[in-house]
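For reference, the chains in residue letters:
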Amino acid sequence: MIKNFVEELTWRGMIQDSMPGTEEHLLEAMRKAYVGIDPTADSLHIGHLVGVMGLKHFQLSGHKPVALVGGATGMIGDPSGKSAERNLLTEDILLHNQNAIKEQLSRFLDFDSDAENAAIIVNNYDWMKEFSFLEFIRDVGKHITVNYMMAKDSVKKRLSSESSVGMSFTEFTYQLVQGYDFLHLYREKQCTLQMGGSDQWGNITTGTELIRRVDAGKGYALTWPLITKADGTKFGKTEGGNIWLDSERTSPYKFYQYWLNTSDIDAEKYIKIFTFLSKAEIEALIEEHQEAPHLRVLQKRLAEEITTMVHSKEDLENAIKASNILFGKSTGDDLKALNEQTFLDIFDGVPLTEISQADIDNGLDIIAALAEKGGFLKSNGEARRALKENSIAVNKEKVKDDYSITKDDLINNKFVLLQRGKKNYFVLRVV
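Computed from a predicted structure; not experimentally measured.

1. Structural notes on the sheet that holds strand β12 (residues 397-398)
What the five strands build is an open sheet, ordered β9-β15-β14-β11-β12; its pairing is mixed. Pairing within the sheet leaves two strands with one partner each, and these edge strands are β9 (352-355) and β12. Across two bridges, the pairing between strand β11 (residues 392-394) and β12 is antiparallel. In the sheet register, V394 faces β12, and the bridge partner there is E397.

2. Some remarks on the environment of E8
Position of E8 among the secondary structure elements: in helix α1 (residues 5-11). Residue classification places E8 among the partly exposed residues on the basis of a relative accessible area of 25%. Taking the C-alpha atoms as reference points, E8 and V431, 423 residues apart in sequence, are found 55 Å from one another. Engagement of the side chain of E8 in a polar contact is seen with the side chain of W11, the distance being 3.4 Å.

3. So, the packing of helix α13 (residues 252-260) against helix α17 (residues 313-327)
Relative orientation of the contacting elements α13 and α17 amounts to 75 degrees, with a least axis distance of 9 Å. Relative to α17, the element α13 lies roughly perpendicular. Touching P252, Y253, Y256 and Q257 of α13 are D315, L316, A319, I320, A322, S323 and L326, all from α17.

4. Structural notes on the UniProt feature "binding site: L-tyrosine" (unreviewed entry) in the protein
When the UniProt feature table is mapped to this numbering, "binding site: L-tyrosine" (unreviewed entry) covers Y34, Y174 and Q178. With respect to the helices and strands, Y174 occurs in helix α11 (residues 174-189). Tracing the sequence through the fold places Q178 in helix α11. A residue is classified by how much of its surface remains accessible, and Q178, at 6% relative accessible area, is buried.

5. So, unusual backbone geometry
You will see that N390, though not glycine, has its phi angle at about 60 degrees, which is positive. For N390, the position within the fold is in the loop between α22 (380-388) and β11. Take N390: its relative accessible area is 33%, and that puts it in the partly exposed class.

6. Quick notes on the UniProt feature "binding site: ATP" (unreviewed entry) in the protein
Within the UniProt annotation, "binding site: ATP" (unreviewed entry) is assigned to K237. Relative to the elements of secondary structure, K237 occurs in strand β7 (residues 237-238). Owing to a relative accessible area of 31%, K237 belongs among the partly exposed residues under this scheme. Look past the residues within four positions of K237 in its chain and what remains in contact with it is N242 and Y258.

7. Things to note about the nonpolar core
I46, L49, L105, F108, M195, W259 and F274 are the most contacted members of the largest nonpolar core, which totals 57 residues. At seven residues, the largest contribution of residues to this core is made by helix α16 (residues 297-310). Leaving out residues up to four positions away in the same chain, M195 has contacts with F5, A33, Y34, V35, G54, L55, F58, I204, L222 and W224. Counting 27 residues, the second-largest nonpolar core is a separate cluster that includes W127, V140, V155 and C191.

8. Quick notes on the pattern of salt bridges
What the rule picks out here adds up to 12 salt bridges. With a shortest N-O distance of 2.7 Å, R31 and E28 are connected by a salt bridge. For E28, a relative accessible area of 59% corresponds to the exposed category. Between E209 and R213 there is a salt bridge whose closest N-O contact spans 2.8 Å. Here E209 pairs with R213, and both are found in helix α12 (residues 201-215), just four residues apart, close to one helical turn. Look at E209 and you get buried, because its relative accessible area is 14%. Among the charged side chains, a network of salt bridges with common partners joins E209, R212 and R213.

9. Details of the pairing of strand β15 (residues 424-430)
Most of β15 sits inside the fold, with five of its seven residues counted as buried. Of the strand pairs in this sheet, β9 and β15 are connected by four bridges, and their pairing is parallel. Within β15, the residue paired with I355 across the bridge is V430. Summarising the sheet, strand β14 (residues 415-420) and β15 pair through six bridges and their orientation is antiparallel. Bridged to R420 within β15 is N424. Adjacent in sequence and paired antiparallel, β14 and β15 are bridged by three residues, among which G421 carries a positive phi angle near 70 degrees.

10. So, the sheet that holds strand β6 (residues 220-224)
In spatial order, the strands read β1-β6-β5-β2-β3-β4; together these six strands make up an open sheet with mixed pairing. Each having just a single partner strand, β1 (17-18) and β4 (120-123) make up the two edges of the open sheet. Sheet analysis places strand β3 (residues 64-69) next to β4, joined by four bridges and oriented parallel. Residue A67 lies in a different strand from β4, and its bridge partner there is I121. Sheet strands in contact with helix α3 (residues 49-60) are β2 (32-37), β3, β5 (193-197) and β6, and its direction is about 155 degrees off that of β3. In this fold helix α5 (residues 91-105) packs onto β2, β3 and β4, with an angle of close to 155 degrees to the strand it touches most, β4.

Conventions used here
- Think of each chain on its own: its residues are numbered from 1, step by step along the sequence as written.
- A pLDDT threshold of at least 70 governs which residues receive local features in this predicted model, and a stricter bar of 80 or more applies before side-chain atom pairs are shown or counted, although totals over entire chains, interfaces and linings include all residues.
- For the side-chain quantities, the full set of heavy atoms in the structure was used; hydrogens and water were omitted.
- Two strands are counted as paired when DSSP detects at least two bridges linking them.
- Helix numbers and strand numbers start at the N terminus; a helix is a DSSP run of H or I with at least 4 residues, a strand a run of E with at least 2.
- Relative accessibility under 20% of the residue-type maximum defines a buried residue, over 50% an exposed one, and the middle range a partly exposed one, all with a 1.4 Å probe and only protein chains included.
- Under this definition, polar contacts are N or O atom pairs within 3.5 Å; protein pairs additionally need one hydrogen-donor-capable and one acceptor-capable atom, and for neighbouring residues in sequence, both atoms have to be side-chain atoms.
- A fitted line through C-alpha atoms represents every axis, and for helices the fit uses only the stretch in contact; the resulting angles, taken between N-to-C directions, go from 0 to 180 degrees.
- Any angle between 65 and 115 degrees counts as roughly perpendicular, while under 35 counts as roughly parallel, over 145 as roughly antiparallel, and the rest as oblique.
- We call two residues contacting when some pair of their heavy atoms lies within 4.5 Å.
- UniProt positions are given in the numbering used here, feature names are shortened, and annotations may be inferred rather than shown by experiment.
- Each nonpolar core is a collection of buried residues, namely Ala, Val, Leu, Ile, Met, Phe, Trp, Tyr and Cys, held together in the definition by side-chain atoms within 4.5 Å.
- Salt bridge, as used here, is a side-chain nitrogen of Lys or Arg placed within 4 Å of a carboxyl oxygen of Asp or Glu.

This is the structure:
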(Lines give C-alpha, C1' and ligand atoms only; values in the text may rest on other atoms or scores of the structure.)
Protein backbone atom coordinates (compact mmCIF):
# COMPACT_ATOMS: atom_id res chain seq x y z
CA MET A 1 0.00 0.00 0.00
CA ILE A 2 1.68 3.22 -1.19
CA LYS A 3 0.91 6.35 0.82
CA ASN A 4 1.52 9.93 -0.27
CA PHE A 5 5.04 10.58 1.02
CA VAL A 6 5.29 14.14 -0.34
CA GLU A 7 1.97 15.11 1.23
CA GLU A 8 3.12 13.72 4.61
CA LEU A 9 6.40 15.64 4.53
CA THR A 10 4.70 18.81 3.32
CA TRP A 11 2.42 19.26 6.37
CA ARG A 12 5.36 18.42 8.64
CA GLY A 13 7.35 21.32 7.13
CA MET A 14 9.96 18.92 5.80
CA ILE A 15 10.13 19.94 2.14
CA GLN A 16 12.23 22.82 0.83
CA ASP A 17 12.47 21.84 -2.85
CA SER A 18 11.45 18.90 -4.97
CA MET A 19 11.87 18.23 -8.65
CA PRO A 20 8.67 18.47 -10.71
CA GLY A 21 7.00 15.07 -11.02
CA THR A 22 8.48 13.65 -7.78
CA GLU A 23 5.11 13.22 -6.05
CA GLU A 24 3.52 11.48 -9.05
CA HIS A 25 6.59 9.24 -9.52
CA LEU A 26 6.34 8.04 -5.90
CA LEU A 27 2.62 7.35 -6.12
CA GLU A 28 3.01 5.04 -9.13
CA ALA A 29 4.87 2.17 -7.45
CA MET A 30 7.30 1.25 -4.67
CA ARG A 31 10.45 3.34 -5.23
CA LYS A 32 13.95 3.52 -3.73
CA ALA A 33 15.46 6.71 -2.34
CA TYR A 34 18.74 7.37 -0.64
CA VAL A 35 20.17 9.83 1.86
CA GLY A 36 23.94 10.28 2.29
CA ILE A 37 25.45 10.13 5.78
CA ASP A 38 28.96 11.28 6.62
CA PRO A 39 30.86 8.51 8.49
CA THR A 40 33.55 10.67 10.10
CA ALA A 41 32.33 9.60 13.58
CA ASP A 42 30.97 6.34 14.97
CA SER A 43 27.73 8.03 16.01
CA LEU A 44 25.08 10.16 14.39
CA HIS A 45 24.16 13.46 16.03
CA ILE A 46 20.79 15.18 16.02
CA GLY A 47 21.76 17.16 12.91
CA HIS A 48 21.43 13.84 11.04
CA LEU A 49 17.97 13.16 12.41
CA VAL A 50 16.00 15.05 9.76
CA GLY A 51 17.46 12.76 7.10
CA VAL A 52 16.79 9.68 9.23
CA MET A 53 13.18 10.78 9.80
CA GLY A 54 12.84 11.40 6.05
CA LEU A 55 13.99 7.83 5.32
CA LYS A 56 11.62 6.44 7.96
CA HIS A 57 8.64 8.32 6.52
CA PHE A 58 9.69 7.00 3.11
CA GLN A 59 9.57 3.44 4.47
CA LEU A 60 6.25 4.05 6.25
CA SER A 61 4.85 5.25 2.91
CA GLY A 62 5.60 1.83 1.41
CA HIS A 63 8.92 2.65 -0.27
CA LYS A 64 12.43 1.22 0.17
CA PRO A 65 14.98 3.46 1.92
CA VAL A 66 18.71 3.33 1.19
CA ALA A 67 21.14 4.78 3.72
CA LEU A 68 24.39 5.66 1.96
CA VAL A 69 27.43 5.94 4.21
CA GLY A 70 29.81 8.29 2.42
CA GLY A 71 33.09 6.48 2.97
CA ALA A 72 34.52 8.01 -0.21
CA THR A 73 32.84 11.44 -0.12
CA GLY A 74 33.55 11.70 3.63
CA MET A 75 37.24 11.73 2.74
CA ILE A 76 36.90 14.77 0.49
CA GLY A 77 34.69 17.22 2.33
CA ASP A 78 31.56 18.86 1.01
CA PRO A 79 32.17 22.50 -0.05
CA SER A 80 28.61 23.46 0.93
CA GLY A 81 29.49 22.74 4.58
CA LYS A 82 32.64 23.69 6.44
CA SER A 83 35.53 25.44 4.77
CA ALA A 84 38.16 22.99 6.02
CA GLU A 85 38.86 19.75 4.20
CA ARG A 86 38.38 16.37 5.89
CA ASN A 87 41.01 13.98 7.16
CA LEU A 88 41.50 10.72 5.35
CA LEU A 89 39.97 7.79 7.26
CA THR A 90 41.37 4.27 7.18
CA GLU A 91 39.22 1.40 5.90
CA ASP A 92 39.09 -0.11 9.40
CA ILE A 93 37.78 3.10 10.95
CA LEU A 94 35.27 3.54 8.12
CA LEU A 95 33.96 0.00 8.65
CA HIS A 96 33.70 0.51 12.41
CA ASN A 97 31.85 3.81 11.92
CA GLN A 98 29.52 2.28 9.32
CA ASN A 99 28.57 -0.59 11.64
CA ALA A 100 27.95 1.78 14.55
CA ILE A 101 25.80 4.05 12.35
CA LYS A 102 23.79 1.09 11.04
CA GLU A 103 23.12 0.03 14.64
CA GLN A 104 21.72 3.49 15.39
CA LEU A 105 19.71 3.63 12.16
CA SER A 106 18.13 0.27 12.98
CA ARG A 107 16.31 1.97 15.88
CA PHE A 108 14.37 3.82 13.17
CA LEU A 109 14.55 1.76 9.97
CA ASP A 110 13.62 -1.86 9.40
CA PHE A 111 16.72 -3.49 7.86
CA ASP A 112 16.12 -7.10 8.82
CA SER A 113 12.56 -8.08 7.95
CA ASP A 114 11.50 -10.01 4.86
CA ALA A 115 9.41 -7.04 3.73
CA GLU A 116 9.96 -5.98 0.16
CA ASN A 117 10.71 -2.45 1.36
CA ALA A 118 13.25 -3.40 4.07
CA ALA A 119 15.97 -0.75 4.29
CA ILE A 120 19.49 -1.31 2.99
CA ILE A 121 22.81 0.37 3.87
CA VAL A 122 25.58 0.94 1.31
CA ASN A 123 29.01 2.60 1.39
CA ASN A 124 30.19 4.56 -1.65
CA TYR A 125 33.78 3.64 -0.81
CA ASP A 126 32.94 0.13 -2.03
CA TRP A 127 32.45 1.28 -5.62
CA MET A 128 34.80 4.27 -5.61
CA LYS A 129 37.96 2.62 -4.22
CA GLU A 130 38.76 0.68 -7.41
CA PHE A 131 37.92 3.59 -9.72
CA SER A 132 41.10 5.02 -11.27
CA PHE A 133 41.40 8.77 -11.76
CA LEU A 134 41.66 8.34 -15.54
CA GLU A 135 38.53 6.17 -15.65
CA PHE A 136 36.64 8.69 -13.54
CA ILE A 137 37.44 11.72 -15.66
CA ARG A 138 36.75 9.74 -18.85
CA ASP A 139 33.50 8.02 -17.77
CA VAL A 140 32.04 10.72 -15.51
CA GLY A 141 33.88 14.02 -15.87
CA LYS A 142 33.34 14.41 -19.61
CA HIS A 143 29.55 14.46 -19.20
CA ILE A 144 29.37 17.54 -16.95
CA THR A 145 30.74 20.91 -18.08
CA VAL A 146 32.77 23.20 -15.84
CA ASN A 147 30.19 25.93 -16.59
CA TYR A 148 27.49 23.69 -15.11
CA MET A 149 29.57 22.99 -12.00
CA MET A 150 30.55 26.65 -11.51
CA ALA A 151 26.89 27.71 -11.56
CA LYS A 152 26.16 25.80 -8.31
CA ASP A 153 25.59 28.04 -5.26
CA SER A 154 27.91 25.96 -3.08
CA VAL A 155 30.77 26.56 -5.55
CA LYS A 156 29.91 30.22 -6.16
CA LYS A 157 30.03 31.02 -2.44
CA ARG A 158 33.44 29.45 -2.02
CA LEU A 159 34.85 31.24 -5.04
CA SER A 160 33.33 34.62 -4.20
CA SER A 161 35.37 37.55 -2.91
CA GLU A 162 33.82 36.95 0.55
CA SER A 163 35.62 33.62 0.88
CA SER A 164 39.23 33.93 2.00
CA VAL A 165 39.80 30.17 1.76
CA GLY A 166 39.08 29.48 -1.90
CA MET A 167 38.38 25.95 -3.03
CA SER A 168 40.66 23.02 -3.79
CA PHE A 169 40.26 20.88 -6.90
CA THR A 170 39.43 17.97 -4.54
CA GLU A 171 36.39 19.79 -3.18
CA PHE A 172 35.42 21.09 -6.61
CA THR A 173 35.05 17.48 -7.77
CA TYR A 174 32.83 16.61 -4.79
CA GLN A 175 29.62 17.18 -6.73
CA LEU A 176 30.86 14.84 -9.48
CA VAL A 177 31.60 12.08 -6.96
CA GLN A 178 28.22 12.54 -5.27
CA GLY A 179 26.55 12.72 -8.68
CA TYR A 180 28.20 9.44 -9.65
CA ASP A 181 26.82 7.82 -6.46
CA PHE A 182 23.32 8.60 -7.69
CA LEU A 183 24.12 7.22 -11.16
CA HIS A 184 25.62 4.05 -9.62
CA LEU A 185 22.59 3.48 -7.34
CA TYR A 186 20.24 4.22 -10.24
CA ARG A 187 21.96 1.49 -12.28
CA GLU A 188 22.63 -1.09 -9.58
CA LYS A 189 19.67 -0.60 -7.20
CA GLN A 190 17.10 1.11 -9.44
CA CYS A 191 17.21 4.04 -7.00
CA THR A 192 15.37 7.00 -8.54
CA LEU A 193 15.33 9.61 -5.77
CA GLN A 194 18.01 11.32 -3.71
CA MET A 195 17.04 13.32 -0.62
CA GLY A 196 19.06 15.64 1.62
CA GLY A 197 19.30 19.04 3.27
CA SER A 198 18.60 22.12 1.16
CA ASP A 199 22.36 22.85 0.94
CA GLN A 200 22.64 19.58 -1.05
CA TRP A 201 20.33 20.66 -3.88
CA GLY A 202 23.21 21.46 -6.25
CA ASN A 203 24.98 18.14 -5.61
CA ILE A 204 21.74 16.15 -5.95
CA THR A 205 20.76 17.78 -9.22
CA THR A 206 24.25 17.05 -10.61
CA GLY A 207 23.31 13.40 -10.02
CA THR A 208 20.01 13.73 -11.86
CA GLU A 209 21.86 15.46 -14.72
CA LEU A 210 24.40 12.59 -14.94
CA ILE A 211 21.57 10.02 -15.03
CA ARG A 212 19.97 11.99 -17.87
CA ARG A 213 23.16 12.51 -19.89
CA VAL A 214 24.86 9.13 -19.39
CA ASP A 215 21.91 6.71 -19.18
CA ALA A 216 19.13 8.82 -20.70
CA GLY A 217 17.26 8.08 -17.46
CA LYS A 218 15.19 10.11 -15.03
CA GLY A 219 16.27 10.80 -11.45
CA TYR A 220 14.41 12.90 -8.89
CA ALA A 221 15.51 15.26 -6.12
CA LEU A 222 13.91 16.30 -2.83
CA THR A 223 15.39 18.45 -0.06
CA TRP A 224 14.29 19.50 3.41
CA PRO A 225 14.96 22.88 5.03
CA LEU A 226 18.07 23.21 7.17
CA ILE A 227 16.91 23.20 10.77
CA THR A 228 17.33 26.51 12.55
CA LYS A 229 16.50 27.81 16.01
CA ALA A 230 14.32 30.85 16.59
CA ASP A 231 17.05 32.59 18.60
CA GLY A 232 19.53 32.27 15.74
CA THR A 233 21.87 29.83 17.52
CA LYS A 234 22.86 26.61 15.77
CA PHE A 235 20.50 23.66 16.03
CA GLY A 236 21.98 20.53 17.63
CA LYS A 237 24.86 22.33 19.30
CA THR A 238 25.49 23.28 22.91
CA GLU A 239 28.51 24.85 24.58
CA GLY A 240 29.77 21.30 25.05
CA GLY A 241 29.50 20.50 21.32
CA ASN A 242 27.17 18.21 19.34
CA ILE A 243 24.19 16.40 20.81
CA TRP A 244 24.99 12.80 19.86
CA LEU A 245 22.71 9.79 19.58
CA ASP A 246 25.32 7.62 21.32
CA SER A 247 24.63 7.58 25.08
CA GLU A 248 28.38 7.39 25.80
CA ARG A 249 28.89 10.73 24.05
CA THR A 250 25.68 12.48 25.18
CA SER A 251 23.87 10.98 28.16
CA PRO A 252 20.10 10.33 27.78
CA TYR A 253 19.60 12.94 30.53
CA LYS A 254 21.43 15.65 28.54
CA PHE A 255 19.67 14.51 25.36
CA TYR A 256 16.27 14.78 27.08
CA GLN A 257 17.16 18.19 28.54
CA TYR A 258 18.13 19.55 25.12
CA TRP A 259 14.63 18.96 23.75
CA LEU A 260 12.92 19.99 27.00
CA ASN A 261 14.64 23.39 26.85
CA THR A 262 13.37 24.13 23.32
CA SER A 263 11.58 27.46 22.84
CA ASP A 264 7.82 27.50 22.19
CA ILE A 265 8.30 28.52 18.54
CA ASP A 266 10.85 25.77 17.91
CA ALA A 267 8.90 23.10 19.80
CA GLU A 268 5.90 23.69 17.52
CA LYS A 269 8.14 23.14 14.48
CA TYR A 270 10.23 20.27 15.89
CA ILE A 271 7.34 18.13 17.08
CA LYS A 272 6.21 17.79 13.44
CA ILE A 273 9.70 16.91 12.21
CA PHE A 274 11.11 14.75 15.01
CA THR A 275 8.11 12.62 16.04
CA PHE A 276 5.73 10.30 14.25
CA LEU A 277 2.65 11.72 15.99
CA SER A 278 -0.29 12.24 13.67
CA LYS A 279 -1.46 15.62 12.42
CA ALA A 280 -4.53 15.48 14.69
CA GLU A 281 -2.43 14.63 17.78
CA ILE A 282 0.03 17.44 17.06
CA GLU A 283 -2.70 20.02 16.43
CA ALA A 284 -4.35 19.05 19.74
CA LEU A 285 -1.01 19.36 21.59
CA ILE A 286 -0.31 22.79 20.04
CA GLU A 287 -3.78 23.99 21.09
CA GLU A 288 -3.28 22.66 24.63
CA HIS A 289 0.13 24.32 24.80
CA GLN A 290 -1.18 27.69 23.63
CA GLU A 291 -3.80 27.68 26.39
CA ALA A 292 -1.16 27.14 29.10
CA PRO A 293 2.37 27.71 27.73
CA HIS A 294 3.92 27.62 31.23
CA LEU A 295 3.13 23.89 31.47
CA ARG A 296 5.43 23.27 28.45
CA VAL A 297 3.21 20.46 27.16
CA LEU A 298 4.82 20.56 23.69
CA GLN A 299 8.39 20.45 24.97
CA LYS A 300 7.66 17.58 27.35
CA ARG A 301 5.96 15.48 24.69
CA LEU A 302 8.70 16.23 22.13
CA ALA A 303 11.44 15.28 24.63
CA GLU A 304 9.58 12.10 25.66
CA GLU A 305 8.95 10.90 22.10
CA ILE A 306 12.44 11.50 20.78
CA THR A 307 14.31 10.23 23.87
CA THR A 308 12.32 6.97 23.79
CA MET A 309 12.93 6.61 20.06
CA VAL A 310 16.70 7.24 20.19
CA HIS A 311 17.36 5.56 23.56
CA SER A 312 14.58 3.63 25.36
CA LYS A 313 11.55 3.99 27.61
CA GLU A 314 13.74 3.13 30.59
CA ASP A 315 16.28 5.82 29.66
CA LEU A 316 13.43 8.33 29.37
CA GLU A 317 12.12 7.43 32.83
CA ASN A 318 15.62 7.78 34.28
CA ALA A 319 16.05 11.15 32.55
CA ILE A 320 12.74 12.38 34.02
CA LYS A 321 13.77 11.15 37.48
CA ALA A 322 17.11 12.87 37.05
CA SER A 323 15.36 16.14 36.07
CA ASN A 324 13.17 15.89 39.17
CA ILE A 325 16.28 15.70 41.36
CA LEU A 326 17.03 19.32 40.53
CA PHE A 327 13.53 20.65 40.07
CA GLY A 328 11.17 18.39 41.99
CA LYS A 329 10.81 16.15 44.99
CA SER A 330 13.23 13.25 45.05
CA THR A 331 14.97 11.03 47.59
CA GLY A 332 18.43 9.74 48.37
CA ASP A 333 17.43 6.48 46.70
CA ASP A 334 16.70 8.36 43.45
CA LEU A 335 20.19 9.87 43.62
CA LYS A 336 21.84 6.53 44.26
CA ALA A 337 20.11 5.07 41.21
CA LEU A 338 21.99 7.52 38.92
CA ASN A 339 25.02 6.40 36.95
CA GLU A 340 28.15 8.53 37.24
CA GLN A 341 27.77 10.33 33.90
CA THR A 342 24.18 11.35 34.59
CA PHE A 343 25.10 12.53 38.10
CA LEU A 344 27.91 14.70 36.65
CA ASP A 345 25.60 16.01 33.91
CA ILE A 346 22.92 17.03 36.40
CA PHE A 347 25.34 18.79 38.71
CA ASP A 348 27.54 20.23 35.99
CA GLY A 349 28.81 23.60 37.25
CA VAL A 350 27.96 22.88 40.89
CA PRO A 351 30.96 23.55 43.23
CA LEU A 352 32.89 20.33 43.81
CA THR A 353 35.53 19.48 46.42
CA GLU A 354 37.62 16.33 46.66
CA ILE A 355 37.99 14.53 49.98
CA SER A 356 39.94 11.39 50.87
CA GLN A 357 38.56 7.89 51.25
CA ALA A 358 40.00 7.87 54.78
CA ASP A 359 37.73 10.79 55.76
CA ILE A 360 34.68 8.74 54.74
CA ASP A 361 35.97 5.49 56.31
CA ASN A 362 36.36 7.31 59.63
CA GLY A 363 32.97 9.06 59.33
CA LEU A 364 33.12 12.71 58.23
CA ASP A 365 31.52 15.14 60.66
CA ILE A 366 28.88 17.24 58.85
CA ILE A 367 30.32 20.54 60.13
CA ALA A 368 33.76 19.64 58.79
CA ALA A 369 32.17 18.52 55.52
CA LEU A 370 30.47 21.89 55.09
CA ALA A 371 33.29 24.15 56.24
CA GLU A 372 36.87 23.00 56.87
CA LYS A 373 36.98 19.99 54.49
CA GLY A 374 34.37 20.96 51.91
CA GLY A 375 34.82 24.72 51.96
CA PHE A 376 31.21 25.38 50.97
CA LEU A 377 30.47 27.50 54.01
CA LYS A 378 32.94 30.04 55.32
CA SER A 379 33.23 28.82 58.91
CA ASN A 380 32.16 26.19 61.43
CA GLY A 381 29.93 28.86 62.97
CA GLU A 382 28.06 29.39 59.68
CA ALA A 383 27.72 25.62 59.30
CA ARG A 384 26.22 25.31 62.81
CA ARG A 385 23.77 28.14 62.13
CA ALA A 386 22.64 26.54 58.86
CA LEU A 387 22.17 23.18 60.61
CA LYS A 388 20.20 24.88 63.39
CA GLU A 389 17.94 26.46 60.75
CA ASN A 390 17.31 22.92 59.41
CA SER A 391 18.48 24.01 55.93
CA ILE A 392 21.20 21.40 55.32
CA ALA A 393 20.55 18.13 53.49
CA VAL A 394 22.82 15.20 52.61
CA ASN A 395 21.63 13.43 49.46
CA LYS A 396 18.28 15.24 49.69
CA GLU A 397 17.65 14.15 53.33
CA LYS A 398 17.70 16.87 56.04
CA VAL A 399 20.35 16.32 58.73
CA LYS A 400 21.22 17.65 62.21
CA ASP A 401 24.58 18.83 63.56
CA ASP A 402 25.48 15.40 64.96
CA TYR A 403 25.41 13.73 61.50
CA SER A 404 28.44 11.93 60.08
CA ILE A 405 28.92 11.11 56.41
CA THR A 406 29.93 7.47 55.85
CA LYS A 407 30.36 5.11 52.90
CA ASP A 408 26.60 4.38 53.11
CA ASP A 409 26.02 7.93 51.84
CA LEU A 410 28.12 7.53 48.69
CA ILE A 411 26.45 7.81 45.31
CA ASN A 412 28.24 5.53 42.83
CA ASN A 413 30.83 4.85 45.58
CA LYS A 414 32.18 8.30 44.81
CA PHE A 415 29.89 11.29 45.42
CA VAL A 416 27.95 12.95 48.22
CA LEU A 417 25.45 15.71 47.47
CA LEU A 418 25.21 18.48 50.05
CA GLN A 419 22.49 21.08 49.89
CA ARG A 420 21.67 24.31 51.67
CA GLY A 421 18.14 25.51 51.18
CA LYS A 422 16.38 24.70 47.92
CA LYS A 423 18.89 25.80 45.32
CA ASN A 424 22.42 25.74 46.73
CA TYR A 425 24.12 22.46 45.90
CA PHE A 426 27.65 21.26 46.64
CA VAL A 427 29.31 18.01 45.69
CA LEU A 428 31.95 16.01 47.57
CA ARG A 429 33.97 13.60 45.46
CA VAL A 430 35.93 10.85 47.19
CA VAL A 431 39.40 10.24 45.78
